Amino acid sequence: MKQLLALSLAFLISGFTAYAQEKTADQKSEETKAKIEDWLRNLKFQTGKISVRSDLATLNVPEQFKYLNPADSRKLLTLFGNPPSDNLGIIFPSATDLLKEGGNWFVVLEFEEDGYVKDDDADKINYTDLLKQMKDGAREGNAERTKQGYPGIEIIGWAAPPHYDKGAHKLYWAKEIKFEGEPEHTLNYNIRMLGRRGVLIANAVSSIGKLAEIEAAAPQILAMVDFNEGHRYTDFNSSTDKTAAYGIAALVAGGIAAKAGLFKGLWVVLLAAKKFLIAGVLILGGLIKTLWAKITGRKDQNPQA
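Residues numbered from 1 in each chain as written. Predicted model: local features only at pLDDT ≥ 70, side-chain atom pairs only at ≥ 80, totals over all residues. Heavy atoms only, no water.

Visitor: Pulling in residues and values, what's your account of the pairing of strand E3 (residues 65-68)?
Guide: Burial of the side chains of E3 extends over both faces: Phe 65 and Tyr 67 are buried on one face and Lys 66 and Leu 68 on the other. In this structure, E3 lies alongside strand E4 (residues 89-93), joined through four bridges in antiparallel fashion. Residue pairing across strands places Leu 68 opposite Ile 90, the latter belonging to E4. (Buried < 20%, exposed > 50% of the residue type's maximum accessible area, 1.4 Å probe, protein only. Helix = DSSP H or I, 4+ residues; strand = E, 2+ residues; numbered from the N terminus. Pairing = 2+ DSSP bridges.)

Below, the structure written as structure tokens:
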């Protein structure tokens, strides 16, 4: 009898201990969630004239948009599950509320200092053939992506075909991408601005349903970012400055990896690095639910947003 009573007491104590531990874990999760919400609520956005990376470039952010500095942008992207990146900040539509659900989008700014990109191939590119190469590379890269824990991808096609403005030295295009297991296709809208020592990158990521909205905003995005004097494309000095090992075609296909002519395995290299922001965790709709799931390891049925 004493043995049975001891076992019963041990079982009850074990149960209460497990309950207390679970309660403590839930309390910690709630506290962490509250801290994230508080951090998001108190982010300081900017508009107007903003200097980017010392004297490299200048942003003129109109009231329809708002800018988040590189340090906070890096933290935000890390919360989304991306590796830390040396970005130049993020541009959001002014109406974006990070604490509310909804199909939102944003533009991540980066700079690749690979040298002066020659544009003499711009008029000769067959973008149909280039798209086929990119599709093949994506398919071949899926085994490696799966091994690294990322979902497989399929490039559906151009959501907006590449267009290069030779006078402004600015290039833009958009890809429609399907991620394995995701019912909605992803939009990857790319803007590249050529400079004396490299390329200023502006990548917009959202669902494909936002294509029209992002296309409408693209001229404003192109207009609000530019290199400062001394860093512009026309400031290039062939006797002293470095020339990039790739041209416009490789820039569209992926740029950096194409230095070594790696068109066949291009997509693997890009996605293994920081060149592509993983959709599904980057789309802003349901931000708090995404972060909450990361914190608790489960889905929150009643998220407080």
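Visitor: Any chance you could break down the pattern of salt bridges for me, citing the residues and the numbers?
Guide: This model, assessed by the stated rule, comprises six salt bridges. In this structure, Asp 241 engages Arg 196 in a salt bridge whose closest nitrogen and oxygen atoms are separated by 2.6 Å. With Asp 241 in the loop between strand E10 (225-227) and helix H5 (248-253) and Arg 196 in the loop between strand E8 (186-194) and strand E9 (199-207), this pair connects stretches of sequence that are 45 residues apart. A salt bridge links Glu 213 to Lys 210; the nearest nitrogen and oxygen atoms lie 3.0 Å apart. (Salt bridge = Lys/Arg side-chain N within 4 Å of Asp/Glu carboxyl O.)

Visitor: So, the sheet that holds E10: which residues are in play, and what are the values?
Guide: With antiparallel pairing, three strands are arranged side by side in an open sheet as E1-E2-E10. Where the open sheet ends on each side, the last strands, each with one partner, are strand E1 (48-52) and E10. Here the strands of the sheet are splayed against their neighbours by 20° on average, with no regard to which way each runs. Direction of pairing for strand E2 (residues 57-61) relative to E10: antiparallel, over a ladder of three bridges. Paired with Thr 58 across the strands is Asp 226, a residue of E10. Sheet strands touched by helix H4 (residues 211-224): E2 and E10. Its angle to E10, the strand with the most contacts, is close to 30°. (Axes fitted to C-alpha atoms, helices over the stretch in contact; angles between N-to-C directions. Contact = heavy atoms within 4.5 Å.)

Visitor: Lay out the sheet that holds strand E5 (residues 106-112) with the relevant residues and their values.
Guide: As summarised here, the arrangement of the seven strands in space is E3-E4-E5-E9-E8-E7-E6, forming an open sheet in which the pairing is antiparallel. In this open sheet, the two edge strands, each paired with only one partner strand, are E3 and strand E6 (153-165). Ignoring strand direction, the axes of neighbouring strands in this sheet form an average angle of 20°. Where E5 lies against E9, seven bridges are found, and the strand directions are antiparallel. What sits directly across from Glu 112, in E9, is Val 199.

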